[in-house]
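In case you want the letters, here they are:
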Amino acid sequence: MASGAIAMLGLAVAPFLAAAPANAQASGCEQLQKLITERQSIVSRLAAAQKAKKKMTPQDACSTFGRLSNNGDAAIKFASANQDWCQIPASFIEGMQADNKKVAGFRTQACNAVKQQAAMQRRAQQQQARGGSPFGGADSITSGAGGGMRVPQGAL
């Protein structure tokens, strides 16, 4: 999941920088450049982790893609509000929206994995607290609590 996302994001940032307005230093327009620089930094960290063959945990992926998504939301909001003043091309905003939609999808997948992992841990802890085996079989037969099947009493 993360490797494809990182490759896609690495390629997606470059056109945004090329499309960034030449007058980005115009009064008040520096904020967009700061947001793009921050975005590049996040994507670079993701790419470096991938290059080092370091697997991201679902928690790390959820957090990182969350920061990337928040950054994209801020960049889109700023660019949309200041499109005319900062001479931001509409294609830049459209590209950021498409890229941020993909990032949000990756974030959702990663954060869902975190939720599933937490739910499985909770179930395992509940089974252990009830005296059940973490490998299933928390019924009366495998837990040794007696119940379900009884040995007949009396003469056989």
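Residues numbered from 1 in each chain as written. Predicted model: local features only at pLDDT ≥ 70, side-chain atom pairs only at ≥ 80, totals over all residues. Heavy atoms only, no water.

**Observations concerning the overall build of the chain**
- Within the chain, the secondary structure is distributed over five helices and zero strands.
- Counted from the first residue to the last, the chain has its helices and strands arranged as α-α-α-α-α.
- Counting over 156 residues, the chain shows a buried share of 29%.
- The contacts of the chain with a sequence gap of at least 6 include a subset with a gap of at least 24, amounting to 71%.
- For the chain, the exposed surface amounts to about 9900 Å²; the carbon and sulfur share of it is 56%. (Helix = DSSP H or I, 4+ residues; strand = E, 2+ residues; numbered from the N terminus. Buried < 20%, exposed > 50% of the residue type's maximum accessible area, 1.4 Å probe, protein only. Contact = heavy atoms within 4.5 Å. Areas by Shrake-Rupley, 256 points an atom, 1.4 Å probe, with all protein chains shown as cover.)

**Here's the deal with the pattern of salt bridges**
- Evaluation of the coordinates by the stated rule reveals one salt bridge.
- For Asp99, the salt bridge goes to Arg39, with nearest N and O atoms at 2.7 Å. A residue pair is termed long-range when its members are at least 10 positions apart, and Asp99 in helix α4 (residues 90–129) and Arg39 in helix α2 (residues 30–51) qualify at 60 residues. Like Arg39, Asp99 is buried. (Salt bridge = Lys/Arg side-chain N within 4 Å of Asp/Glu carboxyl O.)

**A few points about the packing of aromatic side chains**
- All told, the structure shown has one aromatic pair when counted by the stated rule.
- Taking the centre distance of 5.8 Å and the plane angle of 40 degrees together, the rings of Phe65 and Phe106 count as tilted. One end of the pair, Phe65, is in helix α3 (residues 58–81); the other, Phe106, is in helix α4, with 41 residues separating them in the sequence. Of the two residues, Phe65 and Phe106, both sit in the buried class. (Phe/Tyr/Trp six-rings, centres within 6.5 Å; stacked < 30°, edge-to-face > 60°.)

**Brief notes about the packing of α3 against α4**
- Put simply, α3 and α4 touch, their axes get as near as 8 Å, and they point 155 degrees apart. Taken as axis vectors, α3 and α4 run roughly antiparallel relative to one another. The hand of the α3/α4 crossing is left-handed.
- Residues belonging to the contact of α3 with α4 are distributed by class as follows: 18 nonpolar, nine polar and two charged. (Axes fitted to C-alpha atoms, helices over the stretch in contact; angles between N-to-C directions. Parallel < 35°, antiparallel > 145°, perpendicular 65-115°, else oblique. Left-handed = near helix turned anticlockwise from the far one by under 90°. Nonpolar A, V, L, I, M, F, W, Y, C, P; charged D, E, K, R; others polar.)

**Let's talk about the confidence of the model for the chain**
- Here the chain averages 78 in pLDDT, while 69% of its residues score no lower than 70.
- Averaged over each element, pLDDT in the chain is lowest for helix α1 (residues 2–19) (48) and highest for α3 (94).
- Below pLDDT 50 for its whole length, residues 10–25 participates in 23 contacts with residues either more than four positions away or in separate chains. (pLDDT = per-residue confidence, 0-100.)

**A word on unusual backbone geometry**
- One non-glycine residue, Lys53, lies in positive phi territory at about 60 degrees.
- Among the secondary structure elements, Lys53 is positioned in the loop between α2 and α3.
- Its identity is not glycine, yet Gln87 carries a phi of approximately 55 degrees, on the positive side.

**Regarding the state of the cysteines**
- Per the counting criterion, the structure on display carries two disulfides.
- In this model, Cys29 is linked to Cys86 through a disulfide, with the two sulfur atoms separated by 1.9 Å. Here the S-S torsion is close to -95 degrees, and the disulfide linking Cys29 with Cys86 is therefore left-handed. Here Cys29 is found in the loop between α1 and α2, whereas its partner Cys86 is found in the loop between α3 and α4, with 57 residues between them in sequence. When sorted by exposure, Cys29 lands in the same class as Cys86, which is buried.
- Across the disulfide from Cys62 sits Cys111; the S-S distance is 1.8 Å. In this structure, the disulfide formed by Cys62 and Cys111 twists by about 85 degrees around the S-S bond and is classed as right-handed. Remark: Cys111 occurs in helix α4 and Cys62 occurs in helix α3; sequence separation between them is 49 residues. For the pair shown, Cys62 and Cys111 are each scored as buried.
- For the chain, the disulfide bridges join cysteines in the arrangement 1-3, 2-4, where the cysteines are counted in sequence order. (Disulfide = S-S within 2.5 Å.)

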